Every structure is written in structure tokens, then in C-alpha cells.
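# Results of the structural survey
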Amino acid sequence: MATQVIMPKLSPTMEEGQLSRWLKKEGDKVSMGEPLAEIDTDKATMEMQALTNGVLRKILINEGDSAPLGQMIAIIGEPDEDISALLNQAPAPAEKKPVEPVSDATPTELSTPAEAQSTSSAPPAASTPAPQPTSQPAGDAAENGGGSGRLIVSPLAARMAAEAGIDLRSLQGSGPSGRIVKRDVESAISGAGATGTAVVERQKVHVDGMPPYHDQPMSEMRRTIARRLVTSLGPIPHFFLTTEIEMDRAAEMRNHVKELDPDLKISINDIIIKVAAVALMQHPQVNASFQEKVVRYYERADIGVAVAIDDGLITPIVRAADQKPLRDISAEVRDMAERARKRKLKPEEYIGATFSISNLGMFGIDEFTAVINPPEGAIMAVGAMTPRPVVREGEVTTRQIMRVTLSCDHRVIDGATGARFLQTFKKMLENPLYLIV
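Bear in mind that the values here come from a model prediction, so they are computed numbers and not experimental data.

What follows concerns the overall build of the protein. Per the secondary structure count, the protein includes nine helices and 20 strands. The burial tally for the protein puts 47% of its 437 residues in the buried class. In the protein, once contacts between residues fewer than 6 apart in sequence are set aside, the share between residues at least 24 apart is 63%. Carbon together with sulfur atoms contributes 53% to the accessible area of the protein, which is approximately 21,600 Å² in total.

Structure (C-alpha cells):
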């Protein structure tokens with residue numbers, strides 16, 4: 001009997017998925033549990049498995065298209081089975097149109113990433129912008145791969161190409177309508193395809209009297225960030241507490257550890273995570289969350305560590321950080337940060353923190369405020385550690401000073417409660433021997 005393949009819920013926060021790559025094509029045999037497609041969720045790229053045996057009779061959404069949870073995206077059945085009843089239930093495909101110039105006198109042009117970035121109203125990205133798929137008639141597919149026409153690129157392939165420095169215009173797409181997909185970029189990276197410089201062209205529209213611009217579809221991650229920010233900064237009554245911390249002894253401890261064992265690549269951020277976790281156990285009111293009718297107090301510190309990736313932010317979690325040695329925390333953070341940038345984290349590795357830390361010190365940011373990630377009750381923003389003049393015992397000397405700002409949910413944490421937590425956090429960072437007392 002023919003079976004619907006629906007867009008699955010691959011993470012607890014997922015509301016829709018973007019089909020990044022079909023691993024099977026129409027007419028292929030599939031077995032239960034066999035990978036069928038790769039789905040871009042809000043935080044990761046994950047495999048969707050077949051839930052039945054049969055033949056992939058019909059694909060209903062193309063690579064690069066999105067669908068809400070539960071929508072039928074394919075049909076599996078027997079080779080000669082009548083699937084017309086299921087096809088009648090399939091949602092009508094959304095009509096896609098190529099970007100057209102608004103003014104007849106100013107034709108659509110192609111621009112390099114640098115030109116596009118300078119004309120976009122969005123803030124510049126930290127890395128080379130990845131191209132997003134555009135739509136075109138099937139007859140134009142030959143324009144992919146060396147011509148001067150439009151490029152059809154799946155989001156995953158675009159991201160991979162930008163990271164590897166692949167010139168997408170040098171590739172011949174093997175996906176539907178000539179779409180460049182993951183396997184095309186993988187072939188180029190391995191040397192089986194053409195390679196070149198990372199010059200990626202995208203459509204730029206000119207309108208009389210207006211600056212040139214280009215439109216870029218949002219990724220699932222960026223859409224989720226937008227939705228969650230609306231449910232955070234507005235509904236949650238934030239207040240902010242900032243303090244300065246002398247980091248000389250913490251830095252000295254880190255240097256001593258490196259001298260004892262160079263393989264222990266412990267960072268200042270690892271020490272901050274450990275100290276925050278221990279301080280949370282002394283101030284459980286901060287390790288808490290608002291739950292409408294109750295306040296939930298957590299009995300261990302699961303610390304979310306903000307990691308910037310190409311199209312957003314993800315927070316891998318160090319579970320029970322209060323109970324782990326610095327060696328383990330350091331290894332976990334490095335491993336999860338690397339997999340986060342490759343979008344290979346499992347949902348349980350980035351969902352369910354009790355407290356988060358966002359560190360922008362490596363970018364030279366002295367001080368900032370972070371937005372709480374609901375339902376957590378607080379997040380700590382960490383700035384750069386810089387030498388500054390201070391007065392000690394009547395003399396001016398230099399100390400390594402770091403500013404941290406605690407964002408608190410006032411429904412859970414009072415000002416004095418947050419201040420006492422920061423006092424403990426500051427005392428332990430300035431005297432890291434407290435970690436072993």
C-alpha cells in the first residue's frame with residue numbers, strides 16, 4: 001500500500017524543514033530505516049529515514065524547498081501501484097518566479113559577494129556570504145556551470161562551497177533543473193570537478209532612485225532565531241548587572257596548566273564555564289527558569305556555550321559542568337563547537353541548558369548585553385580581557401580586566417540575587433584556588 005512521506009520533526013524546536021538533498025531518486029528502491037533525504041532544521045542538517053519498504057514513486061518538493069511539519073513531501077509504494085489518490089492529497093507546489101527588475105530601464109545584474117554585501121540592508125556577515133538558491137525555468141538549467149546565467153544552488157551546497165572556496169559557476173549541477181547540490185561540491189572538493197576562486201555571483205536589482213539590493217531567503221536557523229527573539233526580549237522582563245573582574249590569577253593558572261601539560265588546551269572560556277557552574281550551585285535561584293505557575297530550580301548546572309556559525313548562533317551544552325574537571329569541559333567544548341559549525345550536533349546536545357554564556361571577547365568587544373534564551377532565567381555576556389590601569393595600595397598598576405554582564409529574568413531573579421551570584425563568580429575568578437577548596 002502506498003505510504004506518505006511527511007516532513008518529520010527532527011528536533012524539539014523545529015517547525016518546518018528545508019530539503020537540502022534527496023539521497024534517493026524517483027524509481028529507487030528504499031528499505032525501512034534507510035536514509036532517504038537530508039533535512040536542514042533550525043540548528044542542524046539531519047538525515048530523514050524511510051519508515052517503510054518499497055519504491056520512491058514520487059518526490060513532491062525539490063531540493064532547497066521548505067515544508068511545514070507533517071506536510072507530504074514524497075510517496076513510497078509498489079512499482080505498479082496506483083498512487084493517484086495520494087497525489088490528489090498533495091499540496092499544490094508554490095509558484096516560484098525568478099527575480100525581475102522593477103524598472104524596465106534598469107535590467108537585472110549579477111554582482112560579486114563584496115558588491116552585494118555593500119548594497120544589502122542587512123549587516124555584513126563574518127564570513128564569505130553563501131549564495132542562496134534562485135528559481136528558473138527548466139529550460140534555463142544549462143546556464144548553471146560556466147555560463148553567465150542564474151545559479152540554482154541548494155543551501156547546503158552553497159554553504160559548503162563558500163567554506164571550501166569553490167567557484168559555483170565552474171560546477172555543473174546534477175540536481176533537479178540543473179541545481180547544484182551537495183554531491184557536486186563534494187566532487188569539486190575531492191578534485192573530481194572543477195575548482196576555482198570563491199567568486200559567487202547573485203542577482204542585484206536596480207530601481208530608479210533607490211540603492212541596488214538583493215533578496216536572500218532566510219535559513220531555517222535564522223527564522224528560528226527571529227521567532228525566539230520575539231518571545232524573549234519582549235515578553236521577558238530583562239534587567240542587567242555588570243561587574244569588572246581582575247583576571248591575572250586566572251590567566252596565570254591557565255599558563256601553569258599549559259606548562260605542566262601542553263596537550264591540555266584549556267582556555268580562559270573553559271575556566272569561566274567551570275566557575276559559573278560552581279557559582280550557580282551556590283546560588284540556585286539563578287540556576288532557574290520561569291514556568292508560568294512555578295519556578296523551576298535545577299539541581300545541576302548545564303551550561304550553554306554560544307557558538308557563532310555561518311547563518312546564526314547555536315549553544316552546545318556542557319552537561320553537569322559543576323561536576324566536571326576543566327580537562328573534560330575543555331575537550332567537550334572544542335568537540336561540540338567543531339561539530340556545531342558543521343551542523344552535526346544532535347538535538348540533545350544543544351537543547352535544555354539551565355544557564356548560558358556568550359563570549360565576544362575574542363572579537364575585541366569590551367562589554368555587551370545578551371538576550372536570554374527562554375526558558376532559561378539568565379545569560380552571561382563576557383567581554384575582552386584587556387590590561388587597564390588600576391589603583392592598588394595607593395599605587396597605579398596594571399591588571400588584566402574583564403567585564404561581564406548578567407542578563408536576568410526579573411520574574412525569577414531579583415537584583416540582589418543576581419548581584420550576589422556575580423560577587424561569588426568574581427571572587428572565584430580572581431582567586432581560582434577556590435575551585436579546589
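Once that is clear, we can look at the sheet that holds strand S20 (residues 395-409). Spatially, the six strands line up as an open sheet ordered S11-S20-S19-S18-S14-S17, and their pairing is mixed. The sheet is open, and its two borders are formed by strand S11 (238-246) and strand S17 (317-318), each paired with just one other strand. In the sheet, strand S14 (residues 303-305) pairs with strand S18 (residues 355-359) via three bridges, with the strands oriented parallel. Counted as the bridge partner of Val 305 is Ile 357 from S18. Relative to the sheet, helix H9 (residues 415-430) contacts S11, S18, strand S19 (378-392) and S20, its axis offset from that of S11 by approximately 20°.

Turning our attention to the pattern of salt bridges. Tallying each qualifying case throughout the model produces 16 salt bridges. Across the pair Lys 25 and Asp 28 runs a salt bridge whose closest N-O atoms are separated by 3.5 Å. In this structure, the salt-bridge partner of Asp 302 is Arg 300, at a minimum N-O distance of 2.9 Å. Asp 302 sits in the buried class, given a relative accessible area of 5%. Linked by salt bridges that have partners in common, Glu 244, Asp 366, Glu 367, Arg 388 and Arg 403 make up one network.

With that settled, consider helix H6 (residues 248-260). In this model, H6 (13 residues) spans 18 Å end to end at C-alpha, consistent with the 18 Å of a helix rising 1.5 Å per residue. Taken together, the buried positions of H6 are Ala 250, Ala 251 and Val 257. Projected down its long axis, H6 shows its buried positions confined to an angular sector of 120°, all on one face. Every exposed residue of H6 that faces more than 90 degrees away from the buried side is listed here: Glu 259 and Leu 260. The secondary structure elements touched by the buried residues of H6 are helix H7 (268-282), S19 and H9.

Applying the stated criterion to the full structure yields two aromatic pairs. Plain terms: the ring middles of Phe 421 and Phe 425 are 6.3 Å apart, the flat faces sit at 20° to each other, and that makes the pair stacked. Remark: Phe 425 and Phe 421 occur in helix H9; sequence separation between them is four residues, near one turn of the helix. Exposure remark for Phe 421: the relative accessible area of 0% places this residue in the buried category. In this structure Phe 425 comes out as buried when scored by relative accessible area, which is 0%. Through pairs of rings, three or more aromatic residues link up here, namely Phe 355, Phe 421 and Phe 425. Lying over the aromatic face of Tyr 434, Lys 427 brings its terminal NZ or CZ to 5.0 Å of the ring centre.

Moving on, we get to the sheet that holds strand S5 (residues 45-49). Spatially, the four strands line up as an open sheet ordered S5-S4-S2-S7, and their pairing is antiparallel. Taken across any chain shown, the strands that pair with only one partner, and hence form the sheet edges, are S5 and strand S7 (66-68). Averaged over all pairs of adjacent strands, the angle between their axes in this sheet comes to 40°, without regard to strand direction.

What follows covers the nonpolar core. If you look at the biggest cluster of nonpolar residues, it comprises 52 residues, and the most contacted ones within it are Ile 303, Phe 355, Ile 357, Met 380, Phe 421, Phe 425 and Leu 429. Judged by nonpolar contacts, the second largest core, of 21 residues, contains Val 5, Trp 22, Leu 36 and Ala 74.

Further remarks concern the confidence of the model for the protein. Counting all residues, the mean pLDDT for the protein is 79, and 76% of those residues have values of 70 or more. Across residues 95-148 the pLDDT falls below 50, and counting only partners more than four positions away or on other chains, this stretch makes 106 contacts in the model. Counting contacts from residues 192-201, a segment whose pLDDT is below 50, to residues more than four positions away or on other chains yields 29 contacts.

Quick look at a nonpolar patch on the surface now. A cluster of nonpolar residues, Leu 433, Tyr 434, Ile 436 and Val 437, forms a patch on the protein surface that exposes about 510 Å² of accessible area. Tracing the chain through its elements places Tyr 434 in the segment after H9. By relative accessible area, which is 39% here, Tyr 434 ends up partly exposed.

Glancing now at unusual backbone geometry. Among all residues except glycine, the phi angle is most often negative; among peptide bonds, the trans geometry is most common. Of note, the bond from Pro 374 into Pro 375 is cis; its omega dihedral lies within 30 degrees of zero at 10°. Along the chain, the position of Pro 375 falls in the loop between S18 and S19. A positive phi angle, near 65°, is found at Glu 292, a position not held by glycine. Glu 292 gets classed as exposed once you look at its relative accessible area, which sits at 66%.

Conventions and cut-offs
- By convention here, each chain's residues receive numbers from 1 onward along its written sequence.
- Totals for whole chains, interfaces and linings use all residues, but because this is a predicted model, local features are given only for residues with pLDDT of at least 70 and pairs of side-chain atoms are given and counted only at 80 or more.
- The side-chain figures draw on all heavy atoms in the structure; neither hydrogens nor water molecules are used.
- Every helix listed is a DSSP run of H or I at least four residues long, and every strand listed is a run of E at least two residues long, numbered separately from the N terminus.
- Buried, partly exposed and exposed residues are distinguished by accessible area as a fraction of the type maximum, computed with a 1.4 Å probe on protein chains only: under 20%, between the cut-offs, and over 50%, respectively.
- Whether two residues touch is decided by their heavy atoms; if any such pair falls within 4.5 Å, the residues are in contact.
- Per-residue accessibility takes into account occlusion by the displayed protein chains alone, with areas from the Shrake-Rupley method and a 1.4 Å probe.
- Pairing between strands requires that DSSP locate at least two bridges from one strand to the other.
- Axes, fitted as lines to C-alpha atoms, cover a helix only where it is in contact. Angles between the N-to-C directions of the axes lie from 0 to 180 degrees.
- A side-chain nitrogen of Lys or Arg and a carboxyl oxygen of Asp or Glu constitute a salt bridge if their distance falls within 4 Å.
- For a helix, the expected span equals 1.5 Å multiplied by the number of residues minus one.
- By definition, the arc is the one covered by directions from the helix axis to the C-beta atoms.
- Classification of ring pairs rests on two measures: the distance between centres of Phe, Tyr or Trp rings, Trp counted by its six-membered ring, which must be within 6.5 Å, and the angle between planes, read as stacked under 30 degrees, edge-to-face over 60 and tilted in between.
- A ring is considered to have a charge above it if a Lys NZ or an Arg CZ atom is located within 6 Å of its centre and within 35 degrees of its normal.
- Residues belong to a common nonpolar core when they are buried Ala, Val, Leu, Ile, Met, Phe, Trp, Tyr or Cys residues joined through side-chain atoms within 4.5 Å.
- Scored from 0 to 100, pLDDT records how confident the predictor is in each individual residue.
- Two joining distances apply to patches: 9 Å for like charges and 5 Å for nonpolar side chains (Val, Leu, Ile, Met, Phe, Trp, Tyr), and every residue must have over 30% relative accessible area and no salt bridge.

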